[in-house]
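The residues making up each chain are set out below.
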Amino acid sequence: MSTENPENTAESAPSKEWTLEPETEYRFELDPGSSLAIKLVRGHAEIFGAELVEGKTYLFGSECKAAVFTWQGCTLEVTGHPSTEYVSEETPMTAYANLHIAFEQMRVRALRDVRGSPPPTDEPAASQDPPRILVLGPENSGKTTVCKILVNYAVRAGQGWSPLLVNVDPGQGGWAAPGAISAASVFAPIPTYSPASPLGSVATSAPTALASNALVPLVFWYGHAETKKNPLLMDRLIRNLGGHIDDRYLNDQEAKPSGLVVDTPPSFASGPTTDVHRQRLIKACVEAFNINVILVVGHEKLNVEMQRTYGARITVVKIPKSGGVVELEHHYRERIRNNQFYSYMYGHIIKPPAGITNATLGGETLDDFILSPSSTVISFSDLTIYRVGAGAMAPSSALPIGAQRVVSEMQPVIIDPSQPGSGLLNSVLGLLAPPNPDENERYDEELLDLTIQGFIVITNLDISKKRMTVLAPNQVSLVGKTAIVGTYEWQEQ
Ligand SMILES: Nc1ncnc2c1ncn2[C@@H]1O[C@H](COP(=O)(O)OP(=O)(O)OP(=O)(O)O)[C@@H](O)[C@H]1O
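Keep in mind it's a predicted model, so treat the numbers as computed, not measured. (Residues numbered from 1 in each chain as written. Predicted model: local features only at pLDDT ≥ 70, side-chain atom pairs only at ≥ 80, totals over all residues.)

1. Description of the pairing of strand E21 (residues 383–388)
Link 1 in the chain: Pairing of E21 with strand E26 (residues 481–489), which is carried by five bridges, proceeds in the parallel orientation. From the neighbouring strand, Ile385 faces E26, where its bridge partner is Ala483.
Link 2 in the chain: Two strands pair when backbone bridges link them, and E21 and strand E22 (residues 412–414) are joined in this way by three bridges, in the antiparallel orientation. The partner of Arg387 across the bridge, within E22, is Val413. (Pairing = 2+ DSSP bridges. Helix = DSSP H or I, 4+ residues; strand = E, 2+ residues; numbered from the N terminus.)

2. Points about the pairing of strand E25 (residues 467–472)
Link 1 in the chain: As paired elements, strand E20 (residues 374–379) and E25 share six bridges and run antiparallel to each other. Bridge pairing links Ser375 to Leu471 in E25.
Link 2 in the chain: Sheet topology places strand E24 (residues 452–462) next to E25; five bridges connect them, and they run antiparallel. Across the sheet, residue Asn460 finds its bridge partner in E25, namely Thr469.
Link 3 in the chain: The hairpin turn running from E24 into E25, its antiparallel successor, is four residues long, and Lys466 in that turn takes a positive phi close to 55°.

3. Re the site of the ligand
Link 1 in the chain: Of all residues adjacent to the ligand, which total 20 residues, the nearest are Ala67, Lys143, Thr144, Thr145 and Gly324.
Link 2 in the chain: Here the shell around the ligand is built from residues that sort into seven nonpolar, nine polar and four charged.
Link 3 in the chain: Composition of the shell around the ligand by domain shows at least three residues from each of domain 1 (2–90 + 348–369) and domain 2 (93–319). (Near = placed C-beta within 6 Å. Nonpolar A, V, L, I, M, F, W, Y, C, P; charged D, E, K, R; others polar. Domains from an automatic or database assignment.)

Rendered as structure tokens:
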């Protein structure tokens with residue numbers, strides 16, 4: 001139920017009060033350039049599992065689409081011009097909460113095991129494995145939202161869990177830039193305020209004042225939006241992420257019981273990617289992250305396929321898709337990607353609706369989200385740039401029978417910026433962490449196994465002077481560094 005606020009004036013944006021019954025949600029969608037402010041006036045409410053604080057004003061922008069859910073009922077004050085807003089009484093939250101309860105029991109058993117405590121006498125045979133969950137589903141099924149809800153519920157449980165959230169969707173970018181795949185331990189609930197930061201902010205781009213600054217993701221750079229562009233490379237990077245996570249668990253046994261949740265791209269479920277690639281990448285995830293639960297969001301055929309392939313050793317559960325998940329069309333996704341690169345460099349600049357003065361982004365002060373990148377001119381020789389595989393290469397499977405390719409899909413090829421057609425202008429580059437200093441540890445394709453320290457964009461190339469202008473999030477020296485270019489380009493608009 002909604003009522004117009006009697007204090008609305010000509011200068012301030014319109015505001016309405018919504019009274020939500022228990023187990024309902026207020027859903028909204030924003031147009032480009034508009035923002036929305038929501039204040040919890042009474043009761044308890046959450047956005048994808050992250051609780052709202054009573055009296056605090058939360059700001060949303062950049063075409064955000066989301067929902068405020070309440071278990072017990074609440075009153076919200078909503079200010080701004082959403083393009084769509086309504087209350088729904090049909091949500092899958094009870095099913096998601098039941099899953100959370102089952103995962104919580106797994107975590108408790110796993111912690112007991114790590115600490116060497118004996119199991120209760122009534123469940124001696126129960127598995128001691130923490131939940132390691134792979135979330136699969138077609139485009140716009142709400143996979144990322146399910147991952148967020150499950151991780152946020154785990155963090156809120158008050159048991160000190162810090163589950164790993166793994167994002168292997170290179171079209172989305174997670175905490176890094178689009179084209180990356182990443183993992184981070186989550187300590188505090190992930191807020192929702194802009195689709196440019198679907199998983200909240202992280203230390204790489206956010207100032208130290210932010211609570212969510214504790215998130216330090218481990219990032220690999222794939223460099224393309226589509227997994228079909230180079231499935232072999234995807235496979236390798238997924239396994240690299242898994243390897244790093246295993247190492248972390250070896251060093252920190254207490255981190256293991258919190259488990260992990262893996263968000264996947266829609267191409268793992270269906271679409272133009274061939275079944276062979278799709279199945280290969282799902283297998284890579286299952287093996288790399290030692291998956292013991294597969295959640296299939298609202299897709300019967302995929303559920304049956306997963307049951308047949310993995311049902312004997314992995315719990316496969318089909319879960320309902322929320323009716324609130326919005327169909328995101330191609331142009332919207334393009335705009336969000338551009339916005340992700342923009343916010344990686346400049347942070348989030350969202351103007352509150354007229355009349356709102358005390359808004360926060362996910363509970364944090366707005367000014368903390370404004371970043372200042374640095375634009376520097378460097379010599380071509382300062383930075384070594386590679387591209388993995390030849391430029392617009394068809395996968396091996398598409399070559400004529402018997403044909404050999406000159407450059408393999410996995411081979412890092414050095415790029416000379418002075419060559420016309422190098423394709424570097426406006427390209428996004430992943431800056432690699434230094435290789436292992438031990439010379440005896442050198443091997444071919446080592447670059448593929450290095451993590452990413454950050455991203456830069458080449459904004460100008462001066463071939464005659466052999467210099468280029470580079471936009472970077474900070475003023476770190478690029479001399480002697482190595483970077484990898486993919487197919488992502490970004491230009492300030
Ligand atoms: N209950 C809801 N009410 C309103 N909006 C929602 C709801 N659930 C999800 N959304 C929005 O719908 C959009 C798509 O959801 P989400 O990103 O979770 O889907 P996905 O399956 O991960 O997408 P992709 O196709 O990119 O893999 C997002 O903008 C999300 O915030």
